[in-house]
Amino acid sequence: MRQRNVKNKESIINNSKYFISNPTLYKGKWHTLFNNSNPICIEIGMGKGKFIIENAKKYPSINFIGIEVIDSILALALKKIDTELSNLYMIRLDANNILDVFNAEIDKIYLNFSDPWPKKRHEKRRLTSPLFLEKYDLVFKNDNHIIMKTDNKDLFSYSIKFLNNYGYYIDYLTFDLENEKDPDNIMTEYEEKFTKLNNPIYKIEVTKKPDKIKYIVGQDFDKTGMVIIGTYKDGT
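Note that the structure is a prediction, hence the values are computed from the model and not measured.

K.L.:
Mind showing me how you'd approach the sheet that holds strand E5 (residues 108-112) here?
P.N.:
Strand pairing in a sheet relies on backbone hydrogen bonds. The paired strands run either parallel or antiparallel. In space, the eight strands of this open sheet follow the order E1-E4-E3-E2-E5-E6-E8-E7, with mixed pairing throughout. Sheet topology places strand E1 (19-20) and strand E7 (169-174) at the edges, where each strand pairs with a single neighbour. Note: E5 against strand E6 (residues 145-150), four bridges, orientation parallel. Looking across to E6, one finds that Tyr110 is bridged to Ile147.

What follows is the structure in structure tokens.
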């Protein structure tokens, strides 16, 4: 999707106190920037920032870092911050370089409406590919915890398959998030758009923990969503 240019984007970015221009300096010590030991959550590909800003407002005892690679979008996100927040920062970063910035300090990763990279030759660019899952292992502080939302059923199917294969356990899964009527759900800009179009929103929350039921999931969708072809408990 073509992104419109934002006038004075460099000025908006560089003059915002919420923008960290040198994030590599905080690798392994982001808690010193926040000046506390609260949990740290990151959103990879935060877009225009609605989701992470509203989370920072709602959960002041949790720290949030928004990651965006496109300057125009980053500028729009920074402009959207309309109140004083001590638990939010934003950085410019290509997700491929995540290990340059974080080390064993993240509690949760949000992947909201990530680029599906539909062509097979671009599979490694998907944020739930084995390449990225290996990187996430090194940024999590304790248990791995990923929450993903998308409107793309092929990406959702792919993600469940590889999250499962990589040892993640499904804590929550829905094929129609809007129908769940979750009062705690915070929408992204894309989510609001797709919901108005009556497009189904898929959501999965996974962790790497023992003693959970592990789902073996088919890759095809029927009229209700993904076909679950079996379950088993870890170690059996």
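Still to come is the rest of the account.
K.L.:
What exactly am I supposed to notice about the side chain of Glu43 here?
P.N.:
In this structure, Glu43 sits in strand E2 (residues 40-44). Buried within the structure, Glu43 lacks any salt-bridge partner; its nearest side chain of opposite charge belongs to Lys149, at an N-O separation of 8.1 Å. Engagement of the side chain of Glu43 in a polar contact is seen with the side chain of Asn112, the distance being 3.0 Å. Residues within four places of Glu43 in sequence aside, it is in contact with Phe51, Ile52, Ile65, Gly66, Ile67, Tyr110 and Asn112.

K.L.:
What am I meant to see in the environment of Tyr169 here?
P.N.:
Within the secondary structure, Tyr169 sits in strand E7. What makes Tyr169 buried here is its relative accessible area of 6%. The spatial distance from the C-alpha of Tyr169 to the C-alpha of Val206 is 5.3 Å, given a sequence separation of 37 residues.

Cut-offs and rules
- Residues numbered from 1 in each chain as written.
- Predicted model: local features only at pLDDT ≥ 70, side-chain atom pairs only at ≥ 80, totals over all residues.
- Heavy atoms only, no water.
- Pairing = 2+ DSSP bridges.
- Helix = DSSP H or I, 4+ residues; strand = E, 2+ residues; numbered from the N terminus.
- Buried < 20%, exposed > 50% of the residue type's maximum accessible area, 1.4 Å probe, protein only.
- Lys, Arg positive; Asp, Glu negative; His and termini not counted.
- Salt bridge = Lys/Arg side-chain N within 4 Å of Asp/Glu carboxyl O.
- Polar contact = N/O pair within 3.5 Å; in protein donor to acceptor, adjacent residues only side chain to side chain.
- Contact = heavy atoms within 4.5 Å.

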